[in-house]
Structure formats: C-alpha cells, structure tokens
Amino acid sequence: MPEPSTPVESCDVLVAGGGPAGIAAACTAAASGAAVILVDDNSAPGGQIWRSRRKHPQKGLAGDWLAKFSAVTVRRLFGHRVVAAPQPRLLLVEGPDGAVFIRCGKLILATGARELFLPFPGWTLPNVVGAGAIQALTKSGLDVRGKRVILAGSGPLLPAVAAHLKHAGADVAFIAEQASAAKLLRFGFGLLGRSGKLRQAFTLWRRIRPWRITPGSWPVCVEKSESGLKVVIQSGVARHTLYADYLACGFGLVPNNELAILVGCAVGSGGFVQVNHENAASVDWVYAVGELTGIGGVEKGVVEGQIAGSAATKQAVDRVLLRQRAAAVKFAAALADTFALRAEVRNLADAQTVICRCEDVRLAALSGLQDARELKLQTRCGMGPCQARICGPILQLLGLPGQPSVRPPIQPCRLKTLAAQIKE
Amino acid sequence: MAEKISLLVNGGKITADAGVSLAAALMNAGFVRFGTSVMAEPRGPLCGMGICMACRVQVNGQRGIRSCQTPVREGMEVVLDA
Ligand SMILES: Cc1cc2nc3c(=O)[nH]c(=O)nc-3n(C[C@H](O)[C@H](O)[C@H](O)COP(=O)(O)OP(=O)(O)OC[C@H]3O[C@@H](n4cnc5c(N)ncnc54)[C@H](O)[C@@H]3O)c2cc1C
Ligand code: FES
C-alpha cells in the first residue's frame, strides 16, 4: 500500500531551537504579524538553561520571556526535531506522530551548544561523565547525596555545576580549572564593568566557597580502583592523586552547527556560524542566534534572538539591541580567551587512548592519515551511533584530519521519515 | 515523598521514584556499567542529554533506547548489556 504523502506546512519564519535565543526570536518575529513556527527536540520550551526550573513560575529574564512566549501566536512543535533540509527553504521535521515538511520564508537557527569532551587515559570508564551531564542526571533524579565528585575542565559551567551538586548533597572534593589564576583574575576585573555578571559570579562564589577552585590544574588520567575512581590531577608542577565516585569534566561548549552546515552556512573557527551585525548568516534566507554564533550566555542569546526576529520580518532593528549585541559579543570573546584550552590539556591522550568511543578507535590508529576520506576508509572513526557528535570536535581540536561531513539525518530518526517525499 | 514504582533490570527488581530518568534510576540502584564497547570495554552514561548514545539499554524488548532520555515506567523490563 502506498504511504500517505507527508504533510507540508508553511510559515514566514521557522525557528529551530526553543532555548532563550529561539524564544526571543519567535516572540519578536510574531509581533510583526508574521506566521511563525518554532521546533524544538524537547518536550518543553527553555533550552539548556530555562527548561528544568519550570516547576515554579520563574523570575527575572526567564520568567519574562517564558510568559511572553506563552502569550504570542506561534505554532509550537515541541518533541519535534529538524532532521534534514532537502531543498532551500524546505525542512524535514520529525515528531512523535510522524514527519512533516515545513516550507519557510526565513529560517532562524537557535540550536544552541553541547559539551566538549576531551580524551585522556581512562576517560571512557563508567562514572567519568560530563560536568553538564552530572547536572542533567541529577536534575533527572540521580541521587548524589554523600557522593564524592571531582569536577575538572574549564569555564563558568564548573562553578555553576559545583553549586548545583552541593545543593543536591554531593561532596565536591576538588574543582580543577585549567585556566591560569592570572587569566581568571583578568577576567574578573573585566566583569567589574558588567554589574549583572559580577552579581551572578558573586552569588555562585558564596554558594560554593567551602571548596576552592584550583586554577591551573587539570586531570591527567583516571583508573578504576578499590576505593572508586583514582584520579591524577596536575596542579602546577605537582601531581595529586585523589579518589572519587564521579569524575565530571566540562572543557567548554561546542555549537550544534549540523543544521547550519546542512543548509550551507559558512562556519568559522570553533565551528561557530558566521553572521553579520543583524545575525544574518551567509545563506540569504538563514539567520543564526545564541550559542551557535559564539558562547556568550543567556543575555547574548536573548539579544540576538530579538535582532534576528526583527530583521527576518523586515522590522527596524532597535539600536539599543545592536549596542547590547556588540557588548555581548565582546564578552563572548573574553570568555573564549580566558578559558582557551592550554596545549597540555588538548594533548592528554596517549597512543592507546580511545578517541572515537563508539568504534573504539585509538589515537595511534589516527596518526599518519591524510584526510577525512582516509579516516573513514581506514578507521570507522566518527561512524558509530553518536554520528561524531563526541569525537568530531575532538578531532578538530587535536588537529587530526577533518571531521566527517554532515549528512542528513542530523538527528536520529525513523526510516519512514527519511523516505518522506515532497508532493509538488 | 515521591511515588515509588518498580522495574525489572536483568531479571531483578529495583524501585525508583516516579518521574526520574531510567539512567538515574539505574545509577541509583548501583548499576555502573550500562554496556560494553565494540572492544568489550565497560561503558556508562557520558553526556546525560541524549547525544553520546553510551547509555543505551534494552527496554521491553526494544534495543538501543537512550536511558537518559527515557522516564521510568511501572513494570518496565530493562536489560543492560543486551
Ligand atoms: C550542558 C550545559 C549546561 C549548562 N548549564 C548552565 C548553567 O548551569 N548556568 C548557566 O548560566 N548556563 C548554563 N549553560 C549555558 C546556557 O545553556 C546557554 O547560555 C543558553 O541556554 C543558550 O541559549 P540558546 O538558546 O543559544 O541555546 P539552548 O538553550 O542550548 O537551546 C537550543 C535548543 O535547540 C534544540 N535543538 C538543537 N538542535 C535541534 C534540531 N535539529 N531540531 C530541533 N531542536 C533542536 C535543543 O533541544 C535546545 O532546546 C549550559 C549549557 C550547556 C550546554
Ligand atoms: S548519556 Fe549520552 S545519550 Fe544518554
């Protein structure tokens, strides 16, 4: 029996991603009277940061925008993900009830970022997890009361996760921040000009004070022992051995740029989508906002979302927003500079360290390969179930031959969805 | 107090609070190794957010279910390392 043809919906503006940036974009575009559809993989709005606190009505920025979003006329497709872009201005979306094509005038990409994982001896052991991961697992019910956790990596996520874990009853034994004390200090002084950020930093500091963050330190290797994970930490010239139930590492964030690449947007270093001052990407019907254009936090996402929401619907872009954007982009650059990974940390893997976890490809197997094609033919690196989501950014960071190219589907989807045909 | 539900893991019964993710329930019950890699090394959840696929288990006969993205349900039959 022939499959019933896949339905096609149309809109003026399609927003991919319902985090802070996508919400601001959708609200602003809808205010012009444009027909707006927002698609997000998750079952509720909010993205990485606003989603999980929805039990109580939220205050501040989150509360304002979530309230605004619930009041505007936007078609909301939660639990739906964009899996392919078969033609310009046409996207294939999969939801719980099947596939749908969405034809759009403009596309605003707000797909956010994910954690960067780095390989070091032992990183594939169970209970060695991401820093954002242990936070997410705790929010979804993991009981960390009395568990000893070592946090390691770089960036503002570490103190945020430390505070979260402490609140959940964990014993955070050590926080290793690879950035030097000098860099952190310079960054701290930079915050003096931004009262909001400084207040945030202060609150965090008060909450985690019982353990200090140790700058200039990083994990060297981890192994299983009778007393849990045995973690070796490099701290300046000294090495310490510590024991823990969990080693949670967060070395930074990398953009979820697969959809952007699929529709042809130019990406720059670090994989960030290149945009102009109104967040227009290199493809004329596409805008990119939020973490996708540079890691800068919620404020940057909200400002860029509003700018793109206006620009995509031919509304005049508020000059104040453009000024705020310039400041946010500067802050993002300061973050990137402060928490740039030192060479020692990028090169922790030894010859026997697994780089591609899905296919167990070790570093030794990757040396001497010329390009992405050879990589694929000889090693299967990046061809496992995670579709290079974990090892792709690692290859890039290690300067190894190219990340495998982006192909649809960019998210796991049903075969039936892939077979969907557009009826002209 | 959260409502308790029970599930079967590798044939044994465990209990969990209703509403938690399957990954969290399994870890709370003491499971550390969720599966093995192609070279038979033990693996467990890494990303906690549906990206790495390291937390996949078999649920009610269906393989490859990401436990970090799956809420627990009463009577679920789970197989680790299937
Ligand atoms: C693991 C992690 C933990 C963090 N913890 C903190 C914290 O504790 N405190 C803090 O201040 N900041 C934290 N941040 C940073 C914060 O999340 C960001 O500043 C902010 O959420 C960025 O907003 P955004 O809208 O750009 O992206 P996001 O909030 O990431 O939203 C992107 C959305 O797009 C969706 N999406 C992606 N691809 C597709 C697709 N193909 N189809 C459909 N939907 C898609 C995602 O499901 C997601 O909901 C964290 C970030 C990460 C990655
Ligand atoms: S822990 Fe990574 S997909 Fe579940």
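What you see is a predicted model, and the numbers here were worked out from it, not measured in a lab.

Draft legend 1. Main features of the overall build of chain B. The secondary structure content of chain B amounts to one helix and seven strands. When the helices and strands of chain B are placed in sequence order, the string is β-β-α-β-β-β-β-β. The C-alpha radius of gyration computed for chain B amounts to 12 Å, which stays within 12% of the reference 12 Å derived for 82 residues, consistent with globular compactness. The principal-axis extents of the C-alpha atoms in chain B amount to approximately 40 × 25 × 20 Å. Partitioning the contacts of chain B with sequence separation of at least 6, the portion at a separation of at least 24 is 39%. Of the roughly 3,900 Å² of accessible surface on chain B, a fraction of 48% belongs to carbon and sulfur atoms.

Draft legend 2. View of the site of ligand 1. Around ligand 1 lies a shell of 31 residues, among which Ala21, Asp40, Asn42, Gln48 and Glu291 of chain A are the nearest. The environment around ligand 1 is built from residues contributed by chains A and B. Within the backbone of Ala21 of chain A, one N or O atom sits 3.0 Å away from an oxygen atom of ligand 1. At 2.9 Å from an oxygen atom of ligand 1 is found a side-chain nitrogen or oxygen belonging to Asn42 of chain A. With the chains in place, 89% of the 1,000 Å² that ligand 1 exposes on its own is no longer accessible. Ranked by residues supplied to the shell around ligand 1, first place goes to helix H2 (residues 47-50) of chain A with three residues. Broken down by class, the residue content of the shell around ligand 1 amounts to twelve nonpolar, 14 polar and five charged. Residue-level mapping places the shell around ligand 1 at the junction of two domains, with at least three residues from each of domain 1 (8-114 + 254-317) and domain 2 (117-251) of chain A.

Draft legend 3. Structural view of the domain arrangement of chain A. If you check the domain split of chain A, you get domain 1 (8-114 + 254-317), domain 2 (117-251) and domain 3 (349-397). Computed from C-alpha coordinates alone, the two centres of domain 1 of chain A and domain 3 of chain A are separated by 31 Å.

Draft legend 4. Quick peek at the packing of helix H1 (residues 20-31) of chain A against helix H9 (residues 298-311) of chain A. All names here are of chain A. Taken N-terminus to C-terminus, the directions of H1 and H9 make an angle of 30 degrees; their axes are 7 Å apart at the nearest point. Relative to H9, the element H1 lies roughly parallel. In this structure, the crossing between H1 and H9 has a hand that is right-handed. Contacts from Pro20, Ala21, Ala24, Ala25, Thr28 and Ala29 in H1 reach Val298, Gly301, Val302, Gly305, Gln306, Gly309 and Ser310 in H9. Among the residues making up the contact of H1 with H9, the classes are represented as seven nonpolar, six polar and no charged.

Draft legend 5. Layout of the interface of chain B and chain A. Every contact between the two is made by 24 residues of chain B and, on the other side, 29 residues of chain A. Of the roughly 2,300 Å² buried where chain B meets chain A, counting both sides, 62% is carbon and sulfur surface. Here chain B and chain A share two salt bridges between them. Linking Asp360 of chain A and Arg43 of chain B is a salt bridge whose minimum nitrogen-to-oxygen distance equals 2.7 Å. The interface formed by chain B and chain A holds nine residue pairs in polar contact (both at pLDDT 80 or more) in total. For the side of chain B that touches chain A, the elements supplying multiple residues, two or more each, are helix H1 (22-28) and strand S4 (42-43) of chain B. In terms of residue count, the dominant contributor to the side of chain B that touches chain A is H1 of chain B (four residues). When grouped by side-chain class, the residues that make up the side of chain B that touches chain A number 15 nonpolar, five polar and four charged.

Draft legend 6. Structural context of the pairing of strand S6 (residues 98-109) of chain A. Residues and elements named next belong to chain A. Of the pairings in the sheet, the one linking strand S1 (residues 8-16) to S6 comprises eight bridges and is parallel in character. When the sheet's bridge partners are listed, Glu9 is paired in S6 with Ile102. Where strand S5 (residues 90-95) and S6 come together, six bridges link them in antiparallel fashion. By the bridge assignment for S6, Leu90 is matched with Arg103. Between S5 and S6, which pair antiparallel and follow one another directly, the connecting turn spans two residues. As paired elements, S6 and strand S17 (residues 286-288) share three bridges and run parallel to each other. Across the sheet, Leu107 pairs through a bridge with Val286, a residue of S17.

Draft legend 7. Spotlight on the packing of aromatic side chains. Residue and element names in this part refer to chain A. Applying the stated criterion across every chain, the model contains three aromatic pairs over all chains. Each residue in the set Phe187, Phe331 and Phe339 is aromatic and connected to the rest through ring pairs, giving one cluster. Directly above the aromatic system of Phe69 lies the positively charged group of Arg76, at a separation of 4.4 Å from the ring centroid.

Draft legend 8. Structural detail: the nonpolar core. Core analysis: the biggest nonpolar cluster contains 49 residues, and Phe120, Leu247, Leu366 and Ile390 of chain A have the highest contact counts within it. Put simply, the parts of the chain that give this core at least two residues each are strand S9 (148-153), strand S10 (171-177), strand S12 (217-225), strand S13 (228-235), strand S14 (238-244), strand S15 (246-250), strand S18 (354-356) and helix H14 (391-398) of chain A. The element contributing the most residues to this core is S13 of chain A, with four residues. Counting contributing residues, this core receives three or more from each of domain 2 (117-251) and domain 3 (349-397) of chain A. Ignoring any residue separated from it by four or fewer positions in sequence, one finds Phe120 of chain A in contact with Val128, Pro219, Val220, Cys221, Val222, Leu247, Cys249, Phe251, Leu348, Ala349 and Thr353 of chain A. Among the nonpolar cores identified, the runner-up in size contains 41 residues, and Ile5, Val59, Ile65 and Val78 of chain B belong to it.

Draft legend 9. Molecular detail of the environment of Thr6 of chain A. Residue and element names in this part refer to chain A. As for its position among the elements, Thr6 is in the segment before S1. When its relative accessible area of 13% is taken as the criterion, Thr6 is described as buried. Expressed as a C-alpha distance, the spacing of Thr6 and Phe101, which sit 95 residues apart in the sequence, is 7.0 Å.

Quick notes on the rules
Residues numbered from 1 in each chain as written. Chains lettered and ligands numbered in written order. Predicted model: local features only at pLDDT ≥ 70, side-chain atom pairs only at ≥ 80, totals over all residues. Heavy atoms only, no water. Helix = DSSP H or I, 4+ residues; strand = E, 2+ residues; numbered from the N terminus. Rg over C-alpha atoms; globule rule 2.2 N^0.38 Å. Contact = heavy atoms within 4.5 Å. Areas by Shrake-Rupley, 256 points an atom, 1.4 Å probe, with all protein chains shown as cover. Near = heavy atom within 4 Å. Polar contact = N/O pair within 3.5 Å; in protein donor to acceptor, adjacent residues only side chain to side chain. Nonpolar A, V, L, I, M, F, W, Y, C, P; charged D, E, K, R; others polar. Domains from an automatic or database assignment. Axes fitted to C-alpha atoms, helices over the stretch in contact; angles between N-to-C directions. Parallel < 35°, antiparallel > 145°, perpendicular 65-115°, else oblique. Left-handed = near helix turned anticlockwise from the far one by under 90°. Buried area = accessible area lost by both parts, 1.4 Å probe. Salt bridge = Lys/Arg side-chain N within 4 Å of Asp/Glu carboxyl O. Pairing = 2+ DSSP bridges. Phe/Tyr/Trp six-rings, centres within 6.5 Å; stacked < 30°, edge-to-face > 60°. Lys NZ or Arg CZ within 6 Å of the ring centre and 35° of its normal. Core = buried A, V, L, I, M, F, W, Y, C linked by side-chain atoms within 4.5 Å. Buried < 20%, exposed > 50% of the residue type's maximum accessible area, 1.4 Å probe, protein only.

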